[in-house]
Amino acid sequence: MVLILLFGDLTIVLGSVWLAELTGNWLGQGAIWPKPAGLLFTTIFPLYLADLYRTDLKEGRRDLVARILIAITVGAIGQATIGYLLPTLRFGRLAFLQIFGVTAAELLVLRLVSDHLRSTDRLSKRVLVLGVSRVAGQIVDLRATGMQPFTVLGFLDDAPDAYDRLPAGVDLLGKSRDLLNLVEELRPDLVLVALPDMRGAFPTGDLFEC
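Residue numbers here run from 1 along each chain, matching the order of that chain's written sequence. Local features are withheld for residues below a pLDDT of 70 in this predicted model, meaning they are given only at 70 or higher, and side-chain atom pairs are given and counted only at 80 or more; totals for whole chains, interfaces and linings count all residues. Calculated side-chain values reflect all of the structure's heavy atoms, with hydrogen atoms and water omitted.

Q: Provide a residue-level description of helix α2 (residues 34-49), including the pertinent values.
A: A run of H or I in DSSP becomes a helix once it reaches four residues, and a run of E becomes a strand once it reaches two; helices and strands are each numbered from the N terminus. Expected span of a helix, by definition, is 1.5 Å for each gap between consecutive residues, and there is one gap fewer than residues. In a regular helix each residue adds 1.5 Å, so 16 residues correspond to 22 Å; α2 covers 23 Å between its end C-alpha atoms and thus fits that length. Phi turns positive, to about 60°, at Asp-51, one or two residues after α2.

Laid out in structure tokens, this is it:
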């Protein structure tokens, strides 16, 4: 999904420059080809800083729209600054307004469509599994056959042979001591305890913290 968003953003930015040229707006002095290169940086980088390439965030549409508008505003200011310092990278005024107006509108549409398509995925619980036990394969199989849809973010296990016992298609993310850090990073909906031996070291405190 991230690559799709990035490709879509690149297409939108370059397409807005092409549309400005097609409609006859003056793109500014100097060669045309360096201008889109600078524009890509001043547009894509603020989108990245605004976490608009993170597909794991759960947010309302109002917040999404606000972050897109802030990123585009920052990009426009950055592009205007670069154009002031380097006149050969400066766009004509009408072209500048058209490019950022079209880019902002299309980025909003792209993100809203992407948000709508991902809304069904949000109904699926995100599960982090503690322990690669003999039922690990059954846990993974239940993704498609269980009553409650869920995705397995990965497994944690301290055993040296844990990787060898791991079901196909899932990752071993670390050991039990990494639980809190991974929960903070991945924000799972559920931590599923499936330790093969409950008599060993059991991270009771970390689980209560979760």
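Q: Could you give an account of the pairing of strand β1 (residues 125-130), with specific residues and numbers?
A: Relative accessibility decides the category of a residue: with a 1.4 Å probe and only protein chains considered, values under 20% of the type maximum give buried, values over 50% give exposed, and everything between is partly exposed. Summarising burial for β1: 5 of the 6 residues are buried, a large majority. The pairing of β1 with strand β2 (residues 150-156) spans 6 bridges and is parallel. Bridge pairing in β2 places Arg-126 opposite Thr-151. DSSP bridges decide pairing: two strands pair if at least two such bridges lie between them. Across 4 bridges, the pairing between β1 and strand β4 (residues 190-193) is parallel. Looking at β4, one finds that Leu-130 is bridged to Val-193.

Q: An account of the pattern of salt bridges is requested, with residue identities and associated values reported.
A: Salt bridges are identified by distance alone: a Lys or Arg side-chain nitrogen within 4 Å of an Asp or Glu carboxyl oxygen. For the structure shown, the criterion picks out 4 salt bridges. Measuring nitrogen to oxygen at the nearest pair gives 2.8 Å for the salt bridge that ties Asp-9 to Arg-111. Separated by 102 residues along the polypeptide, Asp-9 in helix α1 (residues 2-22) and Arg-111 in helix α4 (residues 93-119) bring together distant segments of the chain. On the accessibility criterion, Arg-111 (5% relative accessible area) is buried. Close ionic contact of Asp-161 with Arg-165 constitutes a salt bridge, the shortest N to O distance being 3.3 Å.

Keep in mind these values describe shape, not function.
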